[in-house]
Amino acid sequence: MKLLLVAVNAKYIHSNLAVYCLRAYAGKHGFADQVSLAEYTINHSEEDILREIYKEKADVIAFSCYIWNIEIILRLINELKKVQPEAKLWLGGPEVSYDSERRLKLTPGLEGIMIGEGEQTFLELVQHYTLGEPALKKIKGIAYRDNNLIRITEERELLALSDVPFPYVDIKNFKNRIIYYESSRGCPFSCSYCLSSVEKRIRFRDLSLVKQELLFLLEQQVPQVKFVDRTFNCNKEHAMAIWQFIKENDNGITNFHFEISADLLTDDELSFLATLRIAQVQFEIGVQSTNPDTVAAIRRRMDLKLLRKNVDRIRVARNIHQHLDLIAGLPNEDYKTFEQSFHDVYEMKPDQLQLGFLKVLRGSPMEAESKDFGIVYRDNPPYEVLYTRQLSYEELLKLKGICEMVEVYYNSGQFTNAIGYLEHYYPTPMKLYEELAGYYESKHMDMQAHSRIRRYELLLDFFQEKVLRFEAGSDHEPDPRSDRETDRESNFFQDYASDHSKPEKLKLFEEILLMDLFLREDMKSRPPFAMDRIQKNHKNLYDEYRREQILVHIETFQYDIEASVKNGEVMMRESTVIFNYSERDPITKSATLIRR
Ligand code: SF4
């Protein structure tokens, strides 16, 4: 008897912790030889996945289901049933746990569904298929087909987390992949859009086990360990013990990712965190909205003032990468209040700002409440919001465009100075990204992949079209709040073309882009927009660095980029800047700068 656990991940670097835990748990109870595991990604062709699964010749095949893979899995089930009709096909995971009866009715090829936490349930299924007992009706936490009936068994009680064995004994299979690690299961909070709020009980893995397992991962020098704990720091003692342990056993390589509530951090935790190696740790911090009516409607517990203060303190320490999340489409949030949320989070200067869209997950409290809030969402996974009572589809599409621009021009970290400078021209940061998105759309540049250099060129073109062109037709500062359309008709380009002289602001902006470009990349040649730059001969300086085997680029700038970006004005100051690529900032990945 062979049982196969199948995961279909979103990306190659991901791994599916759930199936590894299920296999390890079955192995601990003597069924290691009967259970195998296969991982694919959503980018594999379904034909290839079908073929590979078929070649395994498993008697029982169980799939791990999430919103990103459920549709592929359902299609695979359909085809597998044709080529391997005798195989027993099972599903498990959050995407099928909350509507198992409906799913079984809709999918005739399915034998059953594991509901909720899977380790013990899967073990009993393995026993059922290999030993003939227990009978399916005796296995808690499943829905299964019994002739023409669908039966749902008693609810499965939760496991002590320390009973689940460490799943990464064979670490060589995880080369170049993220290691997911679980030191706690469940979340004590009640955010209505989140499935973790359904199960209030939180369980912690024994700290001695956690330390032993982390030590193993540190010894293996894995590049990244991502804790999947829903709110890692909800128990201070547990969190501090782990942070202290990774500091004491730092290998100088492994990075640890934690999802935390920043407002729960205490003074001593913050002081301690500031002592960690640069880039040893990164935080994902959910803000979701700063609108009090929205926060109340989703039953989220958050002290915004404290969160802001703590995020700021972490940022000032410059050793931890912070990633802040916002969700669009939540109840009571209209375009204007979302803009305020965006502004509030942007002001916290996160290293990345993740703009997500509400997904009304099956089984979440939000699913039951969505009608009352006037939330309309897609019928199919990922069940993303289409519009709400306060936010139209049109506005949501605008936010999608903004999200794309934030990804490209903010989260990439490749345009820090250019964006910092452009922000001076807009009343709020979101207006800048909104206009950028509108520009991309008007040029049919959205929904296309662009090279990095092309992104710089497009930003330069945007600057000319949306900022300079406006200014040329106006004797006051540009303000996107006013109607620019008439100003765009100005004769700026004719004037500009006739005297062949570039306006100072354009020359400055080109230098700003060049600064951003060289900060990230040791370009072999200058980009097209900087081809005509007259450069001093830096041969002696280059020789100096070459002798030291330090990789540098040397560039003479006419403008004081830092001051211009800070003040939004044209500040002249000739300086020679040395970009040192042998010493990059571990957080931003930018070259360090030496000015002469
Ligand atoms: S969103 Fe985060 S804090 Fe809220 S219930 Fe889910 S896991 Fe817990």
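Let us look at the structure shown here.

Definitions and cut-offs
Residues numbered from 1 in each chain as written. Predicted model: local features only at pLDDT ≥ 70, side-chain atom pairs only at ≥ 80, totals over all residues. Heavy atoms only, no water. Pairing = 2+ DSSP bridges. Helix = DSSP H or I, 4+ residues; strand = E, 2+ residues; numbered from the N terminus. Right-handed = clockwise from strand over helix to strand, strands pointing away. Disulfide = S-S within 2.5 Å. Buried < 20%, exposed > 50% of the residue type's maximum accessible area, 1.4 Å probe, protein only. Core = buried A, V, L, I, M, F, W, Y, C linked by side-chain atoms within 4.5 Å. Contact = heavy atoms within 4.5 Å. Axes fitted to C-alpha atoms, helices over the stretch in contact; angles between N-to-C directions.

### Quick look at the pairing of strand 15 (residues 352-357)
In this structure, strand 14 (residues 320-328) lies alongside strand 15, joined through six bridges in parallel fashion. Each residue of the ladder has a partner; that of I327, found in strand 15, is G356. In terms of handedness, the path from strand 14 via helix 12 (residues 335-347) over to strand 15 forms a crossover that is right-handed.

### Description of the state of the cysteines
Enumeration over the complete set of coordinates arrives at zero disulfides. Between C21, a cysteine without a disulfide, and C65, which holds the nearest cysteine sulfur, the sulfur-to-sulfur distance is 16 Å. Judged by its relative accessible area of 5%, C21 falls in the buried class.

### Quick look at the nonpolar core
The biggest cluster of nonpolar side chains holds 150 residues, and the ones touching the most others in it are W243, F342, Y409 and Y433. No other element matches the 10 residues that helix 20 (residues 504-520) contributes to this core. The contact partners of Y409, leaving out residues within four places of it in the chain, are F415, I419, Y433, L436, Y440, R455, L458 and L459. Judged by nonpolar contacts, the second largest core, of 26 residues, contains I53, C65, I73 and V96.

### Some words on the sheet that holds strand 7 (residues 149-152)
On the basis of which strands lie adjacent, the open sheet formed by seven strands has the order 2-1-3-4-5-6-7 and mixed pairing. For this open sheet the edge positions go to strand 2 (35-41) and strand 7, each flanked by a neighbour on one side alone. For this sheet the average axis-to-axis angle between neighbouring strands, irrespective of direction, equals 20 degrees. For strand 5 (residues 112-114) and strand 6 (residues 142-146), the ladder comprises three bridges, and the chain directions are antiparallel. Bridging from a neighbouring strand, G112 pairs with Y144 of strand 6. Helix 2 (residues 46-56) rests against strand 1 (3-9), strand 2 and strand 3 (60-64) of the sheet, and its axis sits at about 170 degrees to strand 2.

Function-wise, these values are silent; they only describe arrangement.
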